[in-house]
Amino acid sequence: RDVQATFLETYQDVIGRNQKLGNAMALGMPSDKRKEFYGYFESPPTIDRIDRGESITEDSFKAISYSVENLTWGKAIGFHEDDLEDIQLGDLRQVARGLAKRAAVLPEQVFFQILQGSSNASLLKAIPTAPDGASLYAATAGGSDRFGVSGGNIVTGSGVATGSAIRDDFWNAVERAMQFQDTEGEPLLDDGIIDKGVTICFNAANLEAYLEAFVQTRTASLGASLTPFSNAAVTNTILEGYQGGITLWPTQRISDNDAYLFFNDIGPKPVFEQVRQPPRLIDETRENSERARRYRIMATLLDMRAGYGVNVPYATVKINN
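Keep in mind that what you see is a predicted model, and the values were worked out from it rather than measured.

Colleague: Could you clarify how one ought to interpret the overall build of the protein chain in this entry?
Modeller: The helix and strand inventory of the protein chain stands at seven helices and 15 strands. Burial analysis of the protein chain (321 residues in total) assigns 37% to the buried set. When contacts within the protein chain are restricted to residue pairs at least 6 apart in sequence, long-range pairs at least 24 apart make up 73% of them.

Right, dumping it as structure tokens:
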């Protein structure tokens, strides 16, 4: 029976990596070995006053190193030569090459696995920790308050029932980051951390509330009974009190009410990808496969080598709802 190819593109053009990922994750860092080692210096010591007749004091600071191993990733799609010849929906091999689109999405899949600390048998076996030994989001690191502030880079949220609650949590998260300290107890980030933009990642089911929080120009002022005090509107502090840009990133990859803030241009990205071998497609045909010659089973294969790690995450704050 003939099969019409009218709707051939049903699932062919809907796969793609979200363009906002680059605001939160460093992509495609080059790698030329099985395991890459990275390092950085902690903050230099602060300057002391030296009175007349006293010697300049001497201090030290540490260098930190950490590593990320490249893993092998891949998938194959097999098909019988008869189907390659007989199917009415076009070239099977061309459809199988859609594996390249899946490879483009892999960093996003791993990013959200790390973000939420979730298990996934197809992705990372274990969630990598940051160089300070703690998870991507943690209240403490090495037995002390992370970044010198109680709660570290996690703030307790007040829910997503109203745009006002979401705005309050946003400012609490920004204020938390502005309290971060370096390893010498000095301010870690400058006052302009949000001037170049913030990306907020959240559950797509909460989109309306986030639009109310960050896009709606006027909001009602509510009393204790959650009824408006009057018909007068309240200025949205985001639109009229904040000069930087906010990028909203709703996604179904987050299933709870937690939200994640990323300061677009602060330090290294909290999560990164290194690529040892870019994705490559290999066609298994009669010319190069004994299986194809003997059993008429062909295949398209994709493989790649890449690793994923976590940097010191002072450029992100989690709102824990």
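Colleague: I keep staring at the packing of aromatic side chains and nothing clicks. Help me out?
Modeller: Under the criterion given, the structure shown has 15 aromatic pairs. An angle of 85° between the planes, with centres 5.1 Å apart, marks the rings of Phe111 and Phe112 as edge-to-face. For the residue pair Phe111 and Phe112, the accessibility class agrees, reading buried in each case. Aromatic pair Phe147 and Tyr314: ring centres 6.3 Å apart, planes at 80°, arrangement edge-to-face. With Phe147 in the loop between β6 (144-145) and β7 (154-156) and Tyr314 in the loop between β14 (297-310) and β15 (316-320), the pair connects residues that are 167 residues apart, well separated along the chain. Phe147 sits in the buried class, given a relative accessible area of 11%. The exposure class assigned to Tyr314 is buried, which follows from its relative accessible area of 19%.

Colleague: Sorry, what's going on with the side chain of Arg146 here?
Modeller: With respect to the helices, strands and loops of the structure, Arg146 is situated in the loop between β6 and β7. Taking relative accessible area as the criterion, Arg146 reaches 1% and is therefore assigned buried. For Arg146, the side chain forms a polar contact with the side chain of Asp132, separated by 2.9 Å. Within the structure, Arg146 has its side chain in polar contact with the side chain of Asn153 (distance 3.3 Å).

Colleague: So what exactly am I meant to see when it comes to the pattern of salt bridges here?
Modeller: Where side chains of opposite charge bring their charged atoms close, a pairing between them can arise. Per the counting criterion, the structure on display carries 12 salt bridges. With its nearest N and O atoms 2.8 Å apart, the salt bridge here joins Lys33 to Asp32. A relative accessible area of 53% places Asp32 in the exposed class.

Colleague: Whenever I open this one, a nonpolar patch on the surface confuses me. Can you help?
Modeller: The grouping of Leu207, Leu211 and Val215 at the surface amounts to a nonpolar patch, some 220 Å² of accessible area in total. Relative to the helices and strands, Val215 is located in the loop between α5 (207-214) and β9 (218-222).

Colleague: Quick question: what am I supposed to make of the confidence of the model for the protein chain here?
Modeller: In low-pLDDT regions, the fine details of the predicted coordinates are not to be read closely. Per-chain confidence: the protein chain averages 86 in pLDDT, with 83% of residues scoring 70 or above. Segment residues 1-8 is flagged for pLDDT under 50; beyond a separation of four residues in sequence, or across chains, it makes eight contacts in the model.

Colleague: Which parts of the structure should I look at to understand empty space enclosed by the protein?
Modeller: If you roll a probe as big as a water molecule over the atoms, it shows you where there is empty space left. Within the structure shown, the criterion is met by one cavity of 30 Å³ or more. Of the pockets and cavities examined, the largest cavity occupies roughly 60 Å³. Mapped onto the lining of the largest cavity, the elements with two or more residues apiece are α4 (163-178) and α5. The greatest single-element share of the lining of the largest cavity, amounting to three residues, is contributed by α4. Considering only residue class, the lining of the largest cavity consists of eight nonpolar, two polar and one charged.

Colleague: Help me understand the environment of Ala100 in this model?
Modeller: Secondary-structure assignment places Ala100 in helix α3 (residues 99-116). Sequence separation of Ala100 and Arg280 is 180 residues, and the distance between their C-alpha atoms is 8.0 Å. Apart from residues lying up to four places away in sequence, Ala100 is in contact with Leu281 and Leu302.

Colleague: Is there a simple way to explain the nonpolar core in this structure?
Modeller: The tendency in soluble globular proteins is for nonpolar side chains to be buried as a group. In this structure, Phe180, Ile200, Tyr210, Phe214, Leu261 and Phe263 are the most contacted members of the largest nonpolar core, which totals 30 residues. For this core, the elements supplying multiple residues, two or more each, are α4, β8 (198-203), α5, β12 (259-263) and β15. Take this core: its biggest share by element is five residues, from α4. Among residues more than four places away in sequence, those in contact with Phe263 are Val174, Ala177, Ile193, Ile194, Gly197, Val198, Tyr314, Ala315, Thr316 and Val317.

Colleague: Got a minute to help me understand the layout of surface pockets in this structure?
Modeller: Roughly 1000 Å³ of internal volume is contained in the largest pocket. At the level of secondary structure, the elements contributing two or more residues to the lining of the largest pocket comprise β3 (63-69), β4 (71-80), α3 and β14. Among the residues making up the lining of the largest pocket, the classes are represented as 20 nonpolar, 12 polar and six charged. There is about 600 Å³ of room inside the second largest pocket. Around the second largest pocket, the lining is made up of 25 residues, and of these Tyr40, Glu42, Phe147, Thr183 and Val312 lie nearest the centre.

The rules we used
Residues numbered from 1 in each chain as written. Predicted model: local features only at pLDDT ≥ 70, side-chain atom pairs only at ≥ 80, totals over all residues. Heavy atoms only, no water. Helix = DSSP H or I, 4+ residues; strand = E, 2+ residues; numbered from the N terminus. Buried < 20%, exposed > 50% of the residue type's maximum accessible area, 1.4 Å probe, protein only. Contact = heavy atoms within 4.5 Å. Phe/Tyr/Trp six-rings, centres within 6.5 Å; stacked < 30°, edge-to-face > 60°. Polar contact = N/O pair within 3.5 Å; in protein donor to acceptor, adjacent residues only side chain to side chain. Salt bridge = Lys/Arg side-chain N within 4 Å of Asp/Glu carboxyl O. Patch = residues over 30% accessible without salt bridge, like charges linked within 9 Å, V, L, I, M, F, W, Y side chains within 5 Å. Areas by Shrake-Rupley, 256 points an atom, 1.4 Å probe, with all protein chains shown as cover. pLDDT = per-residue confidence, 0-100. 1 Å grid on protein atoms, 1.4 Å probe; cavity = no way out; pocket = protein on both sides within 12 Å on 5 of 7 lines; lining within 4 Å. Points joined across faces, edges and corners; volume = space filled by probe spheres on them. Nonpolar A, V, L, I, M, F, W, Y, C, P; charged D, E, K, R; others polar. Core = buried A, V, L, I, M, F, W, Y, C linked by side-chain atoms within 4.5 Å.

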